[in-house]
Amino acid sequence: MPTKALVNIQGNFPAGCTLQVWICNNGNDASPTWEDITQKARTGQKHYFTNQTKTAAAWGVKVKAKLLRGSATETCYIQSIGGNFA
């Protein structure tokens, strides 16, 4: 069971846009338990999973991100997402 993760997100996130990042350690489940790690991903902090259950045969870490332009007038984009888990 993955217990912690570190996610790094690179891009351009000007004032007015909204970035959201989620992670789960039961990504193979029909309904994964997504945990919001937006602030931790932006500041390079470790995340300790709160979920300790799975319904699928195996554990699986998945990450998803959403970037909304909002009122930003500058270019906003996600360049890369990376990380590791243990």
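Residues numbered from 1 in each chain as written. Predicted model: local features only at pLDDT ≥ 70, side-chain atom pairs only at ≥ 80, totals over all residues. Heavy atoms only, no water.

Draft legend 1. Here's a closer look at the packing of aromatic side chains. This model, assessed by the stated rule, comprises zero aromatic pairs. One residue, Lys-64, lies across the ring of Trp-34, its end atom 4.4 Å from the ring centre. (Phe/Tyr/Trp six-rings, centres within 6.5 Å; stacked < 30°, edge-to-face > 60°. Lys NZ or Arg CZ within 6 Å of the ring centre and 35° of its normal.)

Draft legend 2. Expanded view of the sheet that holds strand S4 (residues 47-48). The antiparallel open sheet is built from three strands, whose spatial order is S4-S1-S6. Two strands close off the open sheet at either side, each with one partner strand: S4 and strand S6 (77-85). Where strand S1 (residues 4-12) meets S4, two bridges bridge the pair, whose relative direction is antiparallel. The residue bridging Ala-5 from the neighbouring strand is His-47, located in S4. (Pairing = 2+ DSSP bridges. Helix = DSSP H or I, 4+ residues; strand = E, 2+ residues; numbered from the N terminus.)

Draft legend 3. Representation of the side chain of Thr-38 within the structure. Along the polypeptide, Thr-38 turns up in helix H1 (residues 38-43). Within the structure, Thr-38 has its side chain in polar contact with the side chain of Asp-36 (distance 2.7 Å). Beyond its immediate stretch of four places on either side in the chain, Thr-38 contacts Leu-19, Gln-20 and Val-21. (Polar contact = N/O pair within 3.5 Å; in protein donor to acceptor, adjacent residues only side chain to side chain. Contact = heavy atoms within 4.5 Å.)

Draft legend 4. Highlighting the pairing of strand S2 (residues 18-24). For S2, the tally of buried residues reaches five of seven residues, placing the bulk of the element in the interior. Strand direction decides the pairing type here: S2 and strand S5 (residues 62-68), joined by seven bridges, are antiparallel. Note that in S5 the partner of Val-21 across the bridge is Ala-65. One ladder, built from two bridges, connects S2 with strand S3 (residues 35-36); its direction is antiparallel. Paired with Ile-23 across the bridge in S3 is Glu-35. (Buried < 20%, exposed > 50% of the residue type's maximum accessible area, 1.4 Å probe, protein only.)

Draft legend 5. Region of interest: the side chain of His-47. Assignment of secondary structure puts His-47 in strand S4. According to the relative accessible area criterion, His-47 is buried, its value standing at 6%. Of note is the side chain of His-47, whose polar atom sits 2.5 Å from the side chain of Glu-35. Those residues within four positions of His-47 in sequence are excluded, and the remaining contacts are Thr-3, Lys-4, Ala-5, Ile-23, Glu-35, Ile-37 and Lys-40.

Draft legend 6. Looking closely at a nonpolar patch on the surface. A grouping of Val-63, Ile-78 and Ile-81 is seen on the molecular surface, where their side chains present a nonpolar patch of about 210 Å² in accessible area. Examined against the element boundaries, Ile-78 turns out to sit in strand S6. (Patch = residues over 30% accessible without salt bridge, like charges linked within 9 Å, V, L, I, M, F, W, Y side chains within 5 Å. Areas by Shrake-Rupley, 256 points an atom, 1.4 Å probe, with all protein chains shown as cover. Salt bridge = Lys/Arg side-chain N within 4 Å of Asp/Glu carboxyl O.)

No statement about biological role is implied by the geometric values presented.
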